[in-house]
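Structural overview for review
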Amino acid sequence: MSALTAPSTLSAAPTSASAFNESLSREAAQALDSYRIKDTSKVVVRFKATGNAPIMKQNYYKITAGNRFQSVIAFLRKELAWKPSDAIHPIVEDGIDAEKPGASTCTSDYSVFDDPVLAKFYTPPDNYESAHRFDPTARWTKAEEDAVRRKCDWRICFFICICFAALQLDRGNISNALSDNMLHDLGLTTKDYNLGQTIFYVTFLFMELPSQLISKKVGVDRWVPFQMIAWSVVAACQCKLTGKKSFFATRALLGALEGGFIPDMILYLSYFYTSAELTFRLSLFWTSLTATGICATLAAAGILQMRGLHGWAGWQYLFLIEGLITLAVGIFAAFWMPASPTQTAGGLRGKGWFSEREEIIIVNRVLKDDPTKSSMHNREAIGPKALWKSLSDYDHWPIYALGLITYVAPGTVTAYYTLTLRSLGFNTFHTNLLTIPAQVLFIINNLGRDLLSLASTKPNTHPHRKDSPSFLEK
């Protein structure tokens, strides 16, 4: 598709609309000035139209404005049946660097910040942690955006997946421990195990909301490392379980300390990614959980063979070793996780991960995707009114219902899978290995559905990219 070009032979718009045309020309000129572009021969202007004219058949048209804007207006009138009563808002998209390699897809997002009426309601407040990097006129190339996204993937998303893996390591190894006759060693029955798991999930659920409120107040970068260090200590101490009371106590503490970890991490990722990008990152997030289950199972198959070493059971070594691994990750997280894209200096991050230019790109692309993300800074507590507003939002209730029932079936199978396999006569080693195929199929299903979703998504559902077909060219 080629851009609409205003032929040089077109004359200015009819005299009857000259006053309006002159006004519109001034608007376009001001738009150019706002981007500090002087050479209009290399400018592409996107015209957003409102009204009932045929131009509204497409959301946007790109017009190479190599001539006077009067000629562009005349072209609109002749080719698109535009009338002066149909408002047109010119927005600059490409600049003088458009012909440079890699710059042909220069990004200039259309968002609420381009509307003078809406912008004042969404402009970040002064206490927003990245307010100093907010610039609605900022423009960047696709190559720059891709480079920043890759850096976020390796330094943020990859590490978050490691943290999630640590969570699964300590909350999932109970299943591996069961295959090593843990219940028999502790004098517990299946009923005791059921009660212990119920205690774990009740305390986990009970702490979901308080944990999120705490993390919003103190910051995810502070709260999550504390959670990981605290629950890893409890997890490691399970190597000294002696009976029913200690089993119930550790189940309760693990549930309480792990509660809220997942939503906290999702909130943290939203600081660095747009909503469209977050979908695939969350898929990786959940894939890391299952991949950890596979790796932990393979490790458990070996660790549990240590039964009898120094008089300890294999499950005792399992809890101790995996608890210490999570402790190491938690301590590392305390010095690795930055508070926000504009607060990366310090700790193991040195002088910071992102340049000023990269910070501007991250902040503005995220806010243009969702301007409400600047309504609170990253260490601001949620008040009672805001909490009630969220809880009473009935649009979220179906999601809550899904969350309550989605894992009923798989959760039940997972909790008793190893016990069932042992009762069928499989030994400890084979029991653990037989849990792997289902996890592999889960990964294939998870990533497959996500990739299929991305492939089937229409390009014009991502309107913030200049090179998206939502900015249609006739």
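Residues numbered from 1 in each chain as written. Predicted model: local features only at pLDDT ≥ 70, side-chain atom pairs only at ≥ 80, totals over all residues. Heavy atoms only, no water.

**Let's talk about the pattern of salt bridges**
Going through the model one piece at a time under the given rule, you end up with 14 salt bridges. The residue Lys-142 makes a salt bridge to Asp-146 at a minimum N-O spacing of 2.8 Å. Placement of both Lys-142 and Asp-146 in helix H4 (residues 142-178) is noted, with a separation of four residues, approximately one turn of the helix. Across the pair Glu-277 and Arg-365 runs a salt bridge whose closest N-O atoms are separated by 2.0 Å. (Salt bridge = Lys/Arg side-chain N within 4 Å of Asp/Glu carboxyl O. Helix = DSSP H or I, 4+ residues; strand = E, 2+ residues; numbered from the N terminus.)

**A look at the packing of H4 against helix H11 (residues 275-303)**
Direction vectors running N to C along H4 and H11 enclose 40°, while the axes themselves pass 7 Å from each other. Taken as axis vectors, H4 and H11 run oblique relative to one another. For the element pair H4 and H11, the recorded crossing hand is right-handed. Across the interface between the two elements, Glu-145, Arg-149, Asp-153, Cys-157, Ile-160, Cys-161, Phe-164, Ala-165, Gln-168, Leu-169, Arg-171 and Asn-176 from H4 touch Glu-277, Arg-281, Leu-284, Phe-285, Trp-286, Ser-288, Leu-289, Thr-292, Ala-296, Thr-297 and Ala-300 from H11. (Axes fitted to C-alpha atoms, helices over the stretch in contact; angles between N-to-C directions. Parallel < 35°, antiparallel > 145°, perpendicular 65-115°, else oblique. Left-handed = near helix turned anticlockwise from the far one by under 90°. Contact = heavy atoms within 4.5 Å.)

**Things to note about the state of the cysteines**
All chains considered together, the criterion is met by zero disulfides. No disulfide involves Cys-239; its sulfur sits 6.6 Å from the nearest other cysteine sulfur, which is in Cys-237. The class for Cys-239 is buried, based on a relative accessible area of 6%. (Disulfide = S-S within 2.5 Å. Buried < 20%, exposed > 50% of the residue type's maximum accessible area, 1.4 Å probe, protein only.)

**Observations concerning helix H8 (residues 220-237)**
With 18 residues, H8 extends 26 Å from end C-alpha to end C-alpha; this agrees with the ideal 26 Å at 1.5 Å per step. Most of H8 is tucked away, with 13 of its 18 residues classed as buried. (Expected span 1.5 Å × (residues − 1).)

**Overview of a nonpolar patch on the surface**
There is a patch of nonpolar side chains on the surface, built from Val-413, Tyr-417, Leu-424, Phe-426 and Leu-434 and spanning about 440 Å² of accessible area. By secondary structure assignment, the location of Leu-424 is in the loop between helix H16 (408-423) and helix H17 (428-433). (Patch = residues over 30% accessible without salt bridge, like charges linked within 9 Å, V, L, I, M, F, W, Y side chains within 5 Å. Areas by Shrake-Rupley, 256 points an atom, 1.4 Å probe, with all protein chains shown as cover.)

**Side note on the environment of Ala-166**
Along the polypeptide, Ala-166 turns up in helix H4. Classification of Ala-166 as buried rests on a relative accessible area of 5%. As a C-alpha pair, Ala-166 and Ile-325 span 159 residues in sequence and 7.7 Å in three-dimensional space. Among residues more than four places away in sequence, those in contact with Ala-166 are Met-228, Trp-231, Thr-326 and Val-329.

**Some points on the packing of aromatic side chains**
With the rule as written, the count across this model stands at 17 aromatic pairs. Where Phe-159 meets Phe-332, the ring centres are 5.6 Å apart and the plane angle is 55°; that geometry is what we call tilted. Taken together, the residues span a long stretch of sequence, with Phe-159 in helix H4 and Phe-332 in helix H12 (residues 314-336) at a distance of 173 residues. For the pair Tyr-394 and Trp-397, a centre-to-centre distance of 6.4 Å together with 70° between the ring planes defines the contact as edge-to-face. You can call Tyr-394 exposed: its relative accessible area is 58%. Here a set of aromatic residues connected by ring pairs shows up, and it is made of Phe-159, Phe-332, Trp-336, Trp-353 and Phe-354. (Phe/Tyr/Trp six-rings, centres within 6.5 Å; stacked < 30°, edge-to-face > 60°.)

**So, the nonpolar core**
Counting 42 residues, the largest nonpolar core has Ile-160, Met-228, Phe-261, Met-265, Tyr-268, Phe-272 and Met-337 as the members making the most contacts within it. Among the elements that line this core, the one with the most residues is H4, at eleven residues. In this structure, Met-337 is in contact with Phe-159, Ile-160, Val-220, Asp-221, Val-224, Pro-225, Met-265, Tyr-268 and Arg-349, ignoring residues within four places of it in sequence. If you look at the next biggest cluster of nonpolar residues, it comprises 20 residues, including Ile-174, Met-182, Phe-247 and Ala-300. (Core = buried A, V, L, I, M, F, W, Y, C linked by side-chain atoms within 4.5 Å.)

Function cannot be read off these values alone, since they describe shape.
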